[in-house]
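Architecture and fold: a report
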Amino acid sequence: MQLLVVDDDPQILSLLRRGLSLEGYSVDLAEDGAKALAMLRDKAYDLVVLDVMLPGVDGVEICRRLRAGSEVPVLMLTARASVQDRVVGLDSGADDYLVKPFSLDELLARVRALLRRHQPSAHTLLQFGDLKLDPATREVWRGDEQVQLTAKEFELLELFIRHPRQVLSRETIYDRVWGYDFGGESNIIEVYIRYLRTKLEPPGKSKLIQTVRGVGYALRER
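Figured I'd write up the structure that's included with this text. Just so it is clear, the structure is predicted and the values come from calculations on it, not from any experiment.

Here we come to the overall build of the protein. Helices and strands together make up the secondary structure of the protein, namely eight helices and twelve strands. The C-alpha atoms of the protein give a radius of gyration of 19 Å, which matches the 17 Å a tight globule of 222 residues would have. Dimensions of the protein along its principal axes, counting C-alpha atoms only, are 55 × 35 × 30 Å. Considering the protein as a whole, with its 222 residues, one finds that 48% of them fall into the buried category. Restricting the contact set of the protein to residue pairs at least 6 apart, pairs at least 24 apart contribute 54%. Total accessible area on the protein is roughly 11,300 Å²; 49% of this is exposed by carbon and sulfur atoms. Distance between charge centres in the protein, computed from 31 positive and 34 negative side chains, equals 3 Å.

This is the structure in structure tokens:
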């Protein structure tokens, strides 16, 4: 699981990086809102731990922008304990709220709970528009037509459909689908994107996989 922790307190960043890493998570850090937004644009995360009070763009605004195109779970951190402050955080799209100072064990428990809540069960059908994907049977349909995919094509499409409308960078796709770097000159991603487009976007069907020039690809309809 890939997590992003956003906080302007170096001690909290160090504590959470160590604690989450020991639990087996891969952790990226951001100390301000601008850096967090840039990282969220360039990489797909499974969960975001987000402080409310940040220099520049605050956590509430980050959460609002994130919710415009992503359902990634957000655990919001704040030193403000009032009910109204919690309401503002939750209304911005946060999934859970933890007041500082907090216990690391409690934060880890909430992270696990959020990840469980957002993890589709084995028999959950994933859907985007008329595209459907069954993780259990590894079957794919576009409308009423079943689409036959190879194992790697399926993994690539599953990554896209679990992060709808979110731009996935080449680095993220390499990491999540192939697990290692082919090198800067490799065109393996372009090859598999072309395979998927050929199978998923026959004449008469809308385009689903969009190229974001200079960044990566996104599953979204025009």
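Anyway, onward from the coordinates.
With antiparallel pairing, the three strands of this open sheet are ordered in space as β10-β12-β11. Across the chains shown, the open sheet's two edge strands, defined by having one partner strand only, are β10 (168-169) and β11 (209-212). Sheet topology note: the β10/strand β12 (residues 216-219) ladder contains two bridges and is antiparallel. Across the sheet, the residue bridging to Ser169 is Gly216, located in β12. Contacts from helix α8 (residues 188-200) reach β11 and β12, with the element oriented near 145° to β11.

A few words on helix α5 (residues 104-118). Helix length check: α5, at 15 residues, gives a terminal C-alpha distance of 21 Å against a target of 21 Å (1.5 Å per residue), a fit within 8%. Buried within α5 are the following residues: Leu107, Leu108, Val111, Leu114 and Leu115. Each buried residue of α5 sits inside an arc of 125° when the element is viewed along its axis, so together they form one side. Turned more than 90 degrees away from the buried face of α5, the exposed residues are Asp105, Arg116 and Arg117. Tucked inside the fold, the buried residues of α5 contact β1 (2-6), α1 (10-22), β3 (47-51), β4 (74-78) and β5 (96-99). If you check the start of α5, you find a side-chain oxygen 3.2 Å away from the backbone N of Asp105, and it comes from Ser103.

Bringing the packing of aromatic side chains into the picture now. The final tally for this structure, using the stated rule, is one aromatic pair. Plain terms: the ring middles of Tyr192 and Tyr195 are 5.2 Å apart, the flat faces sit at 75° to each other, and that makes the pair edge-to-face. Of the two residues, Tyr192 and Tyr195 both sit in helix α8, three residues apart, roughly one turn of that helix. According to the relative accessible area criterion, Tyr192 is buried, its value standing at 18%.

Counting across every chain of the model gives 16 salt bridges. Its salt-bridge partner being Asp96, residue Arg110 comes within 3.1 Å of it at the nearest N-O pair. Of this pair, Arg110 sits in helix α5 while Asp96 is found in strand β5, placing the two residues 14 residues apart along the sequence. As a salt-bridge pair, Glu155 and Lys152 come within 3.4 Å of each other at their nearest N and O atoms. Taken as a pair, Glu155 and Lys152 lie in helix α6 (residues 151-162) at a separation of three residues, close to a single helical turn. Judged by its relative accessible area of 24%, Lys152 is partly exposed. Salt bridges linked by common partners bring Asp7, Asp51 and Lys100 together as one network.

With respect to topology, four strands assemble into an open sheet ordered β6-β7-β8-β9, the strand pairing being antiparallel. The open sheet has two edge strands, β6 (126-128) and β9 (145-147), and neither has a second partner. When strand polarity is set aside, the average angle formed by the axes of neighbouring strands in this sheet is 25°. Most of the contacts of α6 go to strand β7 (residues 131-134), to which it runs at about 115°, and overall it touches β6, β7 and β8 (139-142).

What counts and how
- Residue numbers here run from 1 along each chain, matching the order of that chain's written sequence.
- Predicted model: local features are reported for residues with pLDDT of at least 70 only, side-chain atom pairs are reported and counted for 80 or more only, and whole-chain, interface and lining totals are derived from all residues.
- Remark: hydrogens and water are excluded; side-chain values derive from all non-hydrogen atoms of the structure.
- Put simply, DSSP marks the helices as runs of H or I at least four residues long and the strands as runs of E at least two long, and each gets a number from the N terminus on.
- When we talk radius of gyration, it's over C-alpha atoms, and the globule rule is simply 2.2 Å times the number of residues to the 0.38.
- The rule is simple: take the accessible area with a 1.4 Å probe, protein chains only, and divide by the maximum for that residue type; under 20% is buried, over 50% is exposed, in between is partly exposed.
- The contact criterion used throughout is that any non-hydrogen atoms of two residues lie within 4.5 Å.
- Note on areas: Shrake-Rupley with a 1.4 Å probe; residue coverage comes only from the protein chains shown.
- Counted charges follow a simple rule, with Lys and Arg positive, Asp and Glu negative, and His plus the chain ends left uncounted.
- Just so you know, the charge point we use is NZ for Lys, CZ for Arg, CG for Asp and CD for Glu.
- Pairing between two strands requires that DSSP report at least two bridges joining them.
- Axis definition: a line fit to C-alpha positions, over the contact stretch in the case of helices; interaxial angles, taken between N-to-C directions, run 0 to 180 degrees.
- In a helix, the anticipated span is given by 1.5 Å times the number of residues less one.
- Arc definition: directions from the helix axis to the C-beta atoms.
- For this analysis, a polar contact is any N or O atom pair within 3.5 Å, provided that within protein one partner can donate a hydrogen and the other can accept it, and provided that sequence-adjacent residues contribute only side-chain to side-chain pairs.
- Centres within 6.5 Å make a pair out of two Phe, Tyr or Trp rings, where for Trp the six-membered ring is used; the pair is then stacked when the planes are under 30 degrees apart, edge-to-face when over 60, and tilted otherwise.
- Each reported salt bridge corresponds to a side-chain nitrogen of Lys or Arg within 4 Å of a carboxyl oxygen of Asp or Glu.

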